[in-house]
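# A structural walkthrough
Each chain, written out:
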Amino acid sequence: DMHPNLSTFPYPFPEFRYRPWSELSDREQRTARLDLDYTDDTWNLLKSNPLEMGASFYELDSKERDGAHELGFYPHIWDCYVNHFEAYYWRGFYGDFEIAV
């Protein structure tokens, strides 16, 4: 993910995710609805779509990942701002900690 990050957050802020459903283009709404199972209600109410609670980016199926990419989500952006790292477990970090030490 080579997108510029001009904020204090670890990854670029996905402003499009915080726009109301009614402000999304027809294409964005169609992608969100068909590929990620969003509705106007689940888009407008954060964490109400089950995908946001349960899946890291790489746990999404290929259709969901493609839709997420089309909307502008990348792995780190999805995991940080949508899933809030809730799909991660400490045991998954072990190898990274071992390398860092």
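Before going into details, it helps to say that this report is about the structure given with it. (Residues numbered from 1 in each chain as written. Predicted model: local features only at pLDDT ≥ 70, side-chain atom pairs only at ≥ 80, totals over all residues. Heavy atoms only, no water.)

Let us look at the overall build of the chain. A count of helices and strands for the chain gives 6 helices and 0 strands. When the helices and strands of the chain are placed in sequence order, the string is α-α-α-α-α-α. Evaluated residue by residue, the chain yields a buried proportion of 36% over its 101 residues. For the chain, contacts bridging at least 24 residues in sequence account for 52% of all contacts bridging at least 6. (Helix = DSSP H or I, 4+ residues; strand = E, 2+ residues; numbered from the N terminus. Buried < 20%, exposed > 50% of the residue type's maximum accessible area, 1.4 Å probe, protein only. Contact = heavy atoms within 4.5 Å.)

The next point concerns unusual backbone geometry. With a phi angle near 60°, Asp 37 is a residue other than glycine that sits in the positive phi range. Along the chain, Asp 37 turns up in the loop between helix H1 (26-36) and helix H2 (40-44). In the Ramachandran plot, Phe 85 falls in the positive-phi region, its phi being about 60° despite a non-glycine side chain. Position of Phe 85 relative to the elements: it lies in the loop between helix H5 (75-82) and helix H6 (90-100).

Before going further, it helps to examine helix H4 (residues 62-71). Where H4 is concerned, the buried positions are Glu 64, Gly 67, Ala 68 and Leu 71. Buried residues of H4, viewed axially, fall in a sector of 100°; they line one side. Sitting at the amino-terminal end of H4 is Asp 61, which places a side-chain oxygen 3.1 Å from the backbone nitrogen of Lys 63. Two residues or fewer past H4, Gly 72 is found with a positive phi of approximately 120°. (Arc of directions from axis to C-beta. Polar contact = N/O pair within 3.5 Å; in protein donor to acceptor, adjacent residues only side chain to side chain.)

A few words on the side chain of Asn 83. Residue placement: Asn 83 occurs in the loop between H5 and H6. Its relative accessible area of 0% is what places Asn 83 among the buried residues. Other than its neighbours up to four places away in sequence, Asn 83 contacts Glu 52, Met 53, Gly 54, Ala 55 and Trp 78.

Bringing the environment of Ser 48 into the picture now. Take Ser 48: it is sitting in the loop between H2 and helix H3 (50-54). Once the C-alpha coordinates of Ser 48 and Tyr 38 are considered, the two residues, 10 residues apart in sequence, prove to be 9.2 Å apart. Dropping the residues within four chain positions of it, Ser 48 is found in contact with Asp 41 and Thr 42. A polar contact is formed between the side chain of Ser 48 and the backbone oxygen of Thr 42, at a distance of 3.2 Å. A polar side-chain atom of Ser 48 sits 2.5 Å from the main-chain carbonyl oxygen of Leu 45.

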